[in-house]
Amino acid sequence: AGQLERAKTLLEALFKLDPLNEPVKNKLSSLQERIFDSHEFDIDLDTAKAWQPLGTVTKDRPLRIVVSGEYKFSTSLSTGPNGFSTENPADDLIPGVPLGSVIAVIAAPGTPATKDKGPKPFSVGKDYQKPAERDGVLYLKVNAPPGSKCTGKLQVKISGAIPPE
């Protein structure tokens, strides 16, 4: 009857009671795909820009981000034996994430990603699928040091978020 979230909750309860029930597991998986498909939208990610708001997410609700395409990345920055600075994750590289990779952060609504001290940026790469860790606005950018030049756009499919107005 169109109440996909409610049906999912009921199936999850049944699956907890009988984790070996393959038909319930398969139905749950199929239902999850239907939920993702019904809430999917596309956005172009401008690689030259800093944090870009892509939509609103809800804690513990599934979130799927699929990124495709290519862009140009160049830099003429000098660095020493310690590499690039990572003191400010809003402006600098995110440690442990490949240079040039797509990264995300979920910030409190109404707060720009660069000023929200609570959340930590996380790696998206070409795909990401996990429940949202908090309520807020989903922001994306590429993991590039300040002074780098990125040109081009990446295509982003997002499921589990409400698109920006």
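Starting from 1, residues in each chain are numbered consecutively following that chain's sequence as written. Local features are withheld for residues below a pLDDT of 70 in this predicted model, meaning they are given only at 70 or higher, and side-chain atom pairs are given and counted only at 80 or more; totals for whole chains, interfaces and linings count all residues. Heavy atoms from the whole structure form the basis of all side-chain values; hydrogens and water molecules are not counted.

1. A short note on the overall build of the chain
Convention followed: Strands here mean DSSP runs of E at least two residues long; helices mean DSSP runs of H or I at least four residues long; both are numbered from the N terminus. Relative accessibility decides the category of a residue: with a 1.4 Å probe and only protein chains considered, values under 20% of the type maximum give buried, values over 50% give exposed, and everything between is partly exposed. Contact criterion: two residues are considered in contact whenever any of their non-hydrogen atoms come within 4.5 Å of each other. Per-residue and other accessible areas were derived by the Shrake-Rupley procedure at a 1.4 Å probe size, with only the shown protein chains allowed to occlude residues.
The number of helices and strands found in the chain is 2 helices and 10 strands. In sequence order, the secondary structure elements of the chain are arranged as α-α-β-β-β-β-β-β-β-β-β-β. Within the chain, buried positions represent 38% of all 165 residues. Of the contacts formed within the chain by residues at least 6 apart in sequence, a portion of 81% connects residues at least 24 apart. Carbon and sulfur atoms make up 53% of the accessible area of the chain, which totals about 10100 Å².

2. Describing the sheet that holds strand β3 (residues 62-68)
So the rule is basically this: Strands were regarded as paired on the criterion that DSSP finds at least two bridges between them. An axis is simply a line fitted to the C-alpha atoms; with a helix, the fit covers only the stretch in contact. Between two such axes, the angle follows the N-to-C directions and lies from 0 to 180 degrees.
Strand order in this open sheet of 4 strands is β1-β10-β3-β7, and the pairing throughout is antiparallel. Lying at the two open borders of the sheet, with one neighbouring strand each, are β1 (40-46) and β7 (127-131). Between one strand axis and the next, the sheet turns through 20° on average, direction left out of account. Relative to strand β10 (residues 153-159), β1 is paired through 7 bridges, and the arrangement is antiparallel. Along β10, the bridge assignment pairs D44 with Q155.

3. Description of the side chain of Q52
Here Q52 lies in strand β2 (residues 52-57). Setting aside residues up to four positions removed in sequence, Q52 forms contacts with L45, D46, L138, Y139 and L140.

4. Overview of the packing of aromatic side chains
What counts here: Each Phe, Tyr or Trp ring, with Trp reduced to its six-membered ring, pairs with another whose centre is within 6.5 Å; inter-plane angles below 30 degrees give stacked pairs, above 60 give edge-to-face pairs, and intermediate values give tilted ones.
Taken as a whole and judged by the stated rule, the model has 1 aromatic pair. For the pair F122 and Y128, a centre-to-centre distance of 4.9 Å together with 35° between the ring planes defines the contact as tilted. Note on Y128: relative accessible area 11%, which makes it buried.

5. With respect to the confidence of the model for the chain
Predicted coordinates in areas of low pLDDT are best not read in detail. Counted only if it meets this: A score from 0 to 100, pLDDT tells how confident the predictor is in each residue.
Per-residue confidence for the chain averages 83 on the pLDDT scale, and 85% of its residues sit at or above 70. The element-level mean pLDDT for the chain is lowest in helix α2 (residues 22-38), coming to 79, with β10 highest at 94.

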